[in-house]
Amino acid sequence: MIHTYEQDGLFVALDVNSGAVHLLDDLTYALLRELAAPIPEQCPPAALAALKSHYAEADIREAYGELLELQSMGQLFSEDDYGVFAERMVASPVKAMCLNVSHDCNLRCAYCFAGKGDYRQGRMMMSAETGKRAIDFLIARSQGRENLEVDFFGGEPLMNFGVVRQVVDYARGLEKEHSKYFRFTITTNGLLLDEEKIDYINREMSNVVLSLDGRRSVNDRVRARVDGSGCYEAIVPKFQKLVERRGDKEYYVRGTFTKYNKDFAEDALALHALGFDQLSIEPVVADASMDYALDETDLPEVFREYERLGRLLLDAKKRGKGFNFFHFMLDLDQGPCAIKRLRGCGCGNEYVAITPDGDIYPCHQFIGHEEWRMGSLRDNTFDLRAKERFSKTTVYQKPECGRCWAKFYCSGGCNANNMQHAGDILKPYALSCEMEKKRLECAIVLKAKLMA
């Protein structure tokens, strides 16, 4: 499978199965688009006839020889070797856990997938006892895995900061006994940050996700406090202080763009101007009836904005003032392992989410959908059949994905989004797919221009 496209003066060809990316001249690009796999030793007469009015025959034949050589090297029209891995997929040890320590929040973000913080289950906090049981569960289910990950999530996890600290202490106390190492992360809206919490997060959390949507007007329109007032002014200085003290430890500022701010490149620039250089601005995933929801009619404008953001980022990096944009950080040399390429984040298999009352779900976005509950810490139940099902949920089980050039990069999309918006974890959410493909195209062009 070959994907070809033009962007910013480049003619790009991606050999999907090998992952090889080729920058072509206009003739070779036009010729490649006339061919089907595998190409024979001699240039097909039909391809010659299609191009002879624009290019010299000798040049066409020379370009064909170059394409033929790429095919012989396994970098063009390569065979799909991933199907073998898909057939051998088995359930894996659990290695990561989203710990929802708070089903409450001090913001009421308009687009919140979690029902403004309570996941439509009622506002509640996780007890230290439940948090410790979750750590015991992760250790027991991790089998031989040494490196384990716990993400403190909500709602707003800083509303239950005491339990966060107790859980971290408990897990650290078990590391040597069980030959495990815990990597902790936390996602916060920042309202409750103070000196103590900043120092603790920077000491104990390997990564921290800071929720902020960009410009003040954009952020405060959709991210309001309980009383309806904006939060930008209160949050930004706290985030700046945290990042300034963080050193070289990981963080990123995570924003959301909606129909209200399809010029989201401006939000990326605004965040960078505040001193943040690790950024992610995600498209909102929302019911089509909401006035801030994106739909197919927005795609041309969104695509142009991704292209513009790529050009702005290229210019900034060349001036030595660049920043990282999460969706443009693409490794074209190695990339993720075969298993991750086929089934993505591992939700419901390698990764689970725990609610404040101890229920187990495939991930935090499945919480509240009772039919997807996998068990409970209260009675030590865990649905291994459901786990097995998720372990085998690969791009080869998703017909639309099997035909898509981006399948090994998005791994079939988000299972939760597929479930909520396409009605089936095996049916990709089309709107997200289109935006993911455009981001990948932009990421490849950016990488190519930076290497030029």
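Note that this is a predicted model, so its numbers are computed, not measured.

Draft legend 1. Spatial organisation of the overall build of the protein chain. The helix and strand tally for the protein chain stands at 17 helices and 16 strands. Dimensions of the protein chain, computed from the C-alpha atoms along their principal axes, are close to 75 × 50 × 45 Å. A buried classification covers 53% of the 452 residues belonging to the protein chain. Per element, the accessible surface of the protein chain, about 20100 Å² overall, is 49% carbon and sulfur. Averaging the coordinates of the 58 positive side-chain charges in the protein chain and doing the same for the 68 negative ones gives two points 4 Å apart.

Draft legend 2. Representation of the nonpolar core within the structure. Judged by nonpolar contacts, the single largest core of 103 residues is most densely connected at Leu99 and Phe152. Here this core gets nine residues from one element, more than from any other, and that element is helix 17 (residues 430–451). In this structure, Leu27, Ile60, Leu76 and Phe77 belong to the second largest nonpolar core, which totals 20 residues.

Draft legend 3. Expanded view of a negative patch on the surface. There is a patch of like negative charges on the surface, built from Asp25, Asp26, Asp59, Glu62, Glu66 and Glu69. The element contributing the most residues to the negative patch is helix 3 (residues 57–72), with four residues. In this structure, aspartate 59 sits in helix 3. Among the residues examined, aspartate 59 registers a relative accessible area of 39% and is labelled partly exposed.

Draft legend 4. Expanded view of the packing of helix 11 (residues 299–318) against helix 17. Across the interface, helix 11 lies against helix 17 with an axial gap of 10 Å and an inter-helix angle of 25 degrees. The angle between helix 11 and helix 17 falls in the class roughly parallel. Viewed along their axes, helix 11 and helix 17 form a crossing whose handedness is right-handed. Only Leu431, Glu434, Met435, Lys438, Arg439, Cys442, Leu446, Lys449 and Leu450 of helix 17 make contact with helix 11, whose side of the interface consists of Leu299, Val302, Phe303, Tyr306, Glu307, Gly310, Leu313, Leu314, Lys317 and Lys318. In terms of residue class, the contact of helix 11 with helix 17 is made up of 11 nonpolar, one polar and seven charged.

Draft legend 5. Looking closely at helix 11. Its 20 residues give helix 11 an end-to-end C-alpha distance of 29 Å, which sits within 8% of 28 Å, the value for a rise of 1.5 Å per residue. Residues Leu299, Val302, Glu305, Tyr306, Leu309, Gly310, Leu313, Leu314 and Ala316 constitute the buried set of helix 11. The inward-facing, buried residues of helix 11 contact strand 10 (252–257), helix 10 (265–273), strand 11 (278–283), strand 12 (324–325) and helix 17. At the exit of helix 11 stands glycine 320, carrying a positive phi of roughly 75 degrees.

Draft legend 6. Main features of the sheet that holds strand 1 (residues 2–7). Strands sit in the order 1-2-3 across an open sheet of three strands; the sheet is antiparallel. In the strand order of this sheet, the two ends are held by strand 1 and strand 3 (21–24), each with one partner. Across the sheet, the axes of successive neighbouring strands diverge by a mean angle of 25 degrees, strand direction being ignored. Pairing between strand 1 and strand 2 (residues 10–15): six bridges, direction antiparallel. Paired with glutamate 6 across the bridge in strand 2 is phenylalanine 11.

Draft legend 7. Quick peek at the packing of aromatic side chains. A full pass over the atoms with the stated rule returns 16 aromatic pairs. Where phenylalanine 182 meets phenylalanine 184, the ring centres are 5.8 Å apart and the plane angle is 10 degrees; that geometry is what we call stacked. On the basis of an interplanar angle of 85 degrees and a centroid distance of 5.9 Å, the ring pair of phenylalanine 366 and phenylalanine 390 is categorised as edge-to-face. Taken together, the residues phenylalanine 366 in the loop between strand 14 (359–361) and strand 15 (375–376) and phenylalanine 390 in helix 13 (residues 384–391) connect sequence positions 24 residues apart. Each member of the aromatic cluster is reached from another via a ring pair, and the members are Phe257, Phe264, Tyr306, Phe325 and Phe328.

Rules used throughout
Residues numbered from 1 in each chain as written. Predicted model: local features only at pLDDT ≥ 70, side-chain atom pairs only at ≥ 80, totals over all residues. Heavy atoms only, no water. Helix = DSSP H or I, 4+ residues; strand = E, 2+ residues; numbered from the N terminus. Buried < 20%, exposed > 50% of the residue type's maximum accessible area, 1.4 Å probe, protein only. Areas by Shrake-Rupley, 256 points an atom, 1.4 Å probe, with all protein chains shown as cover. Lys, Arg positive; Asp, Glu negative; His and termini not counted. Charge placed at Lys NZ, Arg CZ, Asp CG, Glu CD. Core = buried A, V, L, I, M, F, W, Y, C linked by side-chain atoms within 4.5 Å. Patch = residues over 30% accessible without salt bridge, like charges linked within 9 Å, V, L, I, M, F, W, Y side chains within 5 Å. Salt bridge = Lys/Arg side-chain N within 4 Å of Asp/Glu carboxyl O. Axes fitted to C-alpha atoms, helices over the stretch in contact; angles between N-to-C directions. Parallel < 35°, antiparallel > 145°, perpendicular 65-115°, else oblique. Left-handed = near helix turned anticlockwise from the far one by under 90°. Contact = heavy atoms within 4.5 Å. Nonpolar A, V, L, I, M, F, W, Y, C, P; charged D, E, K, R; others polar. Expected span 1.5 Å × (residues − 1). Pairing = 2+ DSSP bridges. Phe/Tyr/Trp six-rings, centres within 6.5 Å; stacked < 30°, edge-to-face > 60°.

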